[in-house]
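Summary of structural features
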Amino acid sequence: MLTRRRFGAAALGVAASLLQQTGCSSSLEPETSGAEEPQTPSSNLLASSIVIDLHCDTPMLIADEGYDLGQRHDYAEVDIPRLREGGVTGVFFSIYTTVSQSPASAKQRSFEIIEAVVREVGRHPDDLILATRSDDAVRAKDEGKIAIFMGVEGGHTIDSDLDVLRNHFEKGVRYMTLTHSANTPWAGSSGEEDRTKGLTEFGREVVRTMNRLGMMVDISHVSDPTFFDAIEVAKAPLIASHSSCRALSNHPRNMTDDMLRALAKNGGVAHINFYNEFLDDRHRVYAPEYSDLSKKAAAVRKTFADDRKQRSIELRKIDLERLKRTGRVPFERLLDHFEHAVTVAGVNHVGLGSDFDGVSAQTPEGMEDISKVPNLVEGLRGRGFSDHDIAKILGGNTLRVMKAAEQAATA
């Protein structure tokens, strides 16, 4: 593999400043600074950078358990104390609803979760701001606060109704993942056994409507045909909010090299997922060894079908037992995915999409929760990335795409 140090040495020109990254011509920017930089503590780089994680599933804890973001918890992976330790400027909270419920039920549930997030942000005005625009991330940074954005995970949530999509936008949602783990009537998912379905004409209109609203189109979870259909119709850069590299882990949830290149040409950003099973094929071989835990989890869901809080507590116990059996993927494997994505798509097209609080604690060594972002900084430095390029990955690229989506809405 071409290392970043060699890649940087071969690059020409001087990279644009962080503010210039937020413009709409990123695909024309040089991919690296090409210059040696003095190394400063990771805390200094984090303090001077916009750091945005595109996907955390913490809202379901808030809605179901009354999870207090203001307290440092000894479970889960995101709260205000750990966000601050991680140097995080902003995070996109996922509004997730299961595909096993009816679309009408998913729609109702999504608005309940949105309201729970809004209330929780309101409880912590000294630490959090409810964010809806790229400028809000910059404002949060200036004010020493953390920007909380929202994204809907799964197009089934809109119940094939563009008015519901618009209602989500009005409530503050700024991206939607076109599918989750099953097809919608208008888009194909990577979670289906038959992954040949793409976008219908209505699905194309969903993408066009999102562009007109200024809502980012998220292609994590979609089938490959849906991805390429969305690329074709989109008038603004797309995002993969939490997807890794299929060349390194052959999971249909991950992106092929052709997809990474197409996303880069589109001007979009692939946000690397931290889930063990998306990082290393070998980790999936453990599945038969905890089939008993899967049965136990199914029983818990049935027993506590009407008690979301207790169900969540019991499922966490099973998650920890699974983690004890399987262990964590080595930290270097996560770095492999960042490096591969940058090598294929370019450094202007890679970001953070941890999936914290959504992958049953199955994250790599050294990335156990969101406070560990400094470890990622040091790891990328060890792979030869310059601080300038790391700042792009941490959030500069994401800020650019957010701004491009906003500008497309006003075009």
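Think of each chain on its own: its residues are numbered from 1, step by step along the sequence as written. Owing to the predicted nature of the model, reporting of local features is limited to residues with pLDDT of at least 70; listing and counting of side-chain atom pairs is limited to 80 or more, with chain, interface and lining totals taken over all residues. Hydrogens and water molecules were not included; the side-chain quantities draw on all heavy atoms of the structure.

Next up on the list: the packing of helix 9 (residues 201–213) against helix 10 (residues 224–233). In helix packing, the relevant descriptors are the interaxial angle and the interaxial distance, both defined with respect to the helix axes. Packing of helix 9 against helix 10 brings their axes to within 10 Å, and their N-to-C directions diverge by 50°. By the angle class used here, helix 9 and helix 10 are oblique. Judged by the twist between their axes, the crossing of helix 9 over helix 10 is right-handed. Two secondary-structure elements touch here, helix 9 through Arg204, Val207, Arg208 and Asn211 and helix 10 through Asp229, Ala230, Glu232 and Val233. In terms of residue class, the contact of helix 9 with helix 10 is made up of 3 nonpolar, 1 polar and 4 charged. Between N-to-C directions, angles cover 0 to 180 degrees, with each direction set by a line fitted to C-alpha atoms, over the stretch in contact for helices. Every helix listed is a DSSP run of H or I at least four residues long, and every strand listed is a run of E at least two residues long, numbered separately from the N terminus. The scheme is simple: roughly parallel for angles under 35 degrees, roughly antiparallel for over 145, roughly perpendicular for 65 to 115, oblique for anything else. Handedness of a crossing follows from how the near helix is turned relative to the far one, being left-handed for an anticlockwise turn of less than a right angle and right-handed for a clockwise one. Contacts between residues were defined by any pair of non-hydrogen atoms, one from each residue, lying within 4.5 Å. In this classification, Asp, Glu, Lys and Arg are treated as charged, Ala, Val, Leu, Ile, Met, Phe, Trp, Tyr, Cys and Pro as nonpolar, and every other residue, Gly included, as polar.

What follows is about the confidence of the model for the chain. On a range of 0 to 100, pLDDT expresses the predictor's confidence in each residue. Confidence in the prediction of the chain, expressed as mean pLDDT, is 91, and 90% of residues score 70 or more. Considering only residues more than four positions removed or in separate chains, one finds that residues 1–28, a stretch of pLDDT under 50, has 60 contacts.

Running from N to C, helix 10 and helix 11 (residues 257–266) cross one another at 20°; their axes reach a closest spacing of 11 Å. Of the possible angle classes, the one that applies to helix 10 and helix 11 is roughly parallel. Once helix 10 is placed against helix 11, the crossing between them reads as left-handed. Residues Asp224, Phe227, Phe228 and Ile231 of helix 10 form the contact with helix 11, whose own contacting residues are Asp258, Met259, Ala262, Leu263 and Asn266. A class-by-class count of the residues in the contact of helix 10 with helix 11 yields 6 nonpolar, 1 polar and 2 charged.

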